[in-house]
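Residue strings, one per chain:
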Amino acid sequence: MSAVNNKSDKKSSRTNTMIVAGVIALGAGLLFAYLMFYTSPEHNMEMVKVIAVTENGCIGETMDGFAVNIGDCNAEPGKYVEALVDQKTKERAALMNPTN
């Protein structure tokens, strides 16, 4: 009469598998939420001053001093145009610049 039970415990193995699957699902859900709320662009129309025209599009300066690529435009440097500007990019740039 041995004190050790030689039967394999299939219920414990299934429980461990479900815990691992739950942790993976939670991680995937958190990654999805991060990508949707923190990295997705938030575009607003702003008046920008065109400062350069390059082969990649026009570079404009917003009224609060941020340089943005506004894409193709038919404006000359120094002219003001309305363009879509990503507000989250501006927020990140402000956080990276300690002098503002």
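Trainee: Is there a simple way to explain a nonpolar patch on the surface in this structure?
Mentor: Together, Leu31, Phe32, Tyr34, Leu35, Met36, Phe37 and Tyr38 make up a nonpolar patch on the protein surface, roughly 810 Å² of accessible area in all. Relative to the helices and strands, Leu35 is located in helix α1 (residues 10-38).

Trainee: Got a minute to help me understand the pattern of salt bridges in this structure?
Mentor: Proximity of charged atoms lets side chains of opposite charge pair with each other. On inspection of all chains with the given rule, the structure shows 2 salt bridges. Note that Glu46 and Lys90 form a salt bridge whose closest N and O atoms lie 2.9 Å from each other. Of this pair, Glu46 sits in strand β1 (residues 43-54) while Lys90 sits in helix α2 (residues 87-96), and the two are 44 residues apart along the sequence. The exposure class assigned to Lys90 is buried, which follows from its relative accessible area of 8%. In this structure, Lys90 engages Asp64 in a salt bridge whose closest nitrogen and oxygen atoms are separated by 3.1 Å. Of this pair, Lys90 sits in helix α2 while Asp64 is found in the loop between β2 (57-62) and β3 (67-71), placing the two residues 26 residues apart along the sequence. Owing to a relative accessible area of 46%, Asp64 belongs among the partly exposed residues under this scheme. Members of the salt-bridge network, linked through shared partners, are Glu46, Asp64 and Lys90.

Cut-off values and rules
Residues numbered from 1 in each chain as written. Predicted model: local features only at pLDDT ≥ 70, side-chain atom pairs only at ≥ 80, totals over all residues. Heavy atoms only, no water. Patch = residues over 30% accessible without salt bridge, like charges linked within 9 Å, V, L, I, M, F, W, Y side chains within 5 Å. Areas by Shrake-Rupley, 256 points an atom, 1.4 Å probe, with all protein chains shown as cover. Salt bridge = Lys/Arg side-chain N within 4 Å of Asp/Glu carboxyl O. Helix = DSSP H or I, 4+ residues; strand = E, 2+ residues; numbered from the N terminus. Buried < 20%, exposed > 50% of the residue type's maximum accessible area, 1.4 Å probe, protein only.

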